[in-house]
Amino acid sequence: MGIFNRSKNTATAVAPAAAQGPDLAHLTGDYSIDPTHSKIGFAVRHAMVTNVRGEFTEYEGKLHLDGANPAASTAELVIKVASVHTNQAQRDEHLRTGDFFEAATFPEITFKSTSAERIDGDTYRMHGDLTIKGTTRPVVLDLEFTGAATDLYGANRVGFEGGTSVDRTSWGLTYNAALETGGVLIGEKVKLSLDISAVRAS
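In short, a report on the structure. All values reported here derive from a predicted model rather than from experimental measurement. (Residues numbered from 1 in each chain as written. Predicted model: local features only at pLDDT ≥ 70, side-chain atom pairs only at ≥ 80, totals over all residues. Heavy atoms only, no water.)

## Some words on the overall build of the chain
Helix and strand counts for the chain come out as three helices and eleven strands. Element order for the chain, N to C, with α for helix and β for strand: α-α-β-β-β-β-β-β-α-β-β-β-β-β. Counting only contacts in the chain whose residues sit at least 6 apart along the sequence, the fraction spanning at least 24 positions is 58%. With an accessible surface of roughly 10,900 Å², the chain has 52% of that area assigned to carbon and sulfur atoms. (Helix = DSSP H or I, 4+ residues; strand = E, 2+ residues; numbered from the N terminus. Contact = heavy atoms within 4.5 Å. Areas by Shrake-Rupley, 256 points an atom, 1.4 Å probe, with all protein chains shown as cover.)

## Here's the deal with the nonpolar core
Ranked by size, the top nonpolar core spans 39 residues in total, and within it Phe 101 and Ile 109 carry the most contacts. Residue contributions to this core peak at five residues, all from strand S11 (residues 186–200). (Core = buried A, V, L, I, M, F, W, Y, C linked by side-chain atoms within 4.5 Å. Buried < 20%, exposed > 50% of the residue type's maximum accessible area, 1.4 Å probe, protein only.)

## Quick word on the pairing of strand S4 (residues 59–65)
A one-sided burial pattern is seen for S4, the buried positions being Tyr 59, Gly 61, Leu 63 and Leu 65 and the unburied ones Glu 60, Lys 62 and His 64. Relative to S4, strand S1 (residues 29–33) runs antiparallel, the two being bridged by four bridges. In the strand pairing of S4, Ser 32 is matched with Lys 62. Where S4 meets strand S5 (residues 74–80), six bridges bridge the pair, whose relative direction is antiparallel. Paired with Leu 63 across the two strands is Ala 75, which belongs to S5. (Pairing = 2+ DSSP bridges.)

Take a look at the structure:
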């Protein structure tokens, strides 16, 4: 994923781009997302007045990072639909049914990048294909690099956060109910959020 063209050294940050090459080289490589230190969440308007928030607790993903050429970076993500969690068991079960994700027939949500670009500073943009319920549509993720470090166990980690907004009906998630006071129970716009820690392959 092209989101790691960053230096933690203030002097390097203001130096010409060519001088930053050695600092970026160590970020290049293959990484796996660490679900125990990451979060894939969502929020959708409920009853026209507030947001219901949730997350998926089971997923796996891999990144190929090119520190010298962020545009050559890639990402893939597979989410287990049945792991949806909104802190309300009855609602979670409803989300797994045919009214929404139809988890028994379509057990996975997938994302596969198609291109990446650096916008400015620590801000990047990744284009990709998001597949839900057998329907694939393009999405754009806005991302911010949040750091790189070696943890206490010697693992090299990188982090980023960001997200996007999508219209759930574009993927066949059309279930709704009318409110007596006007409007609908569930908003069509869903805000997707990512807070990711990824570990470099040894």
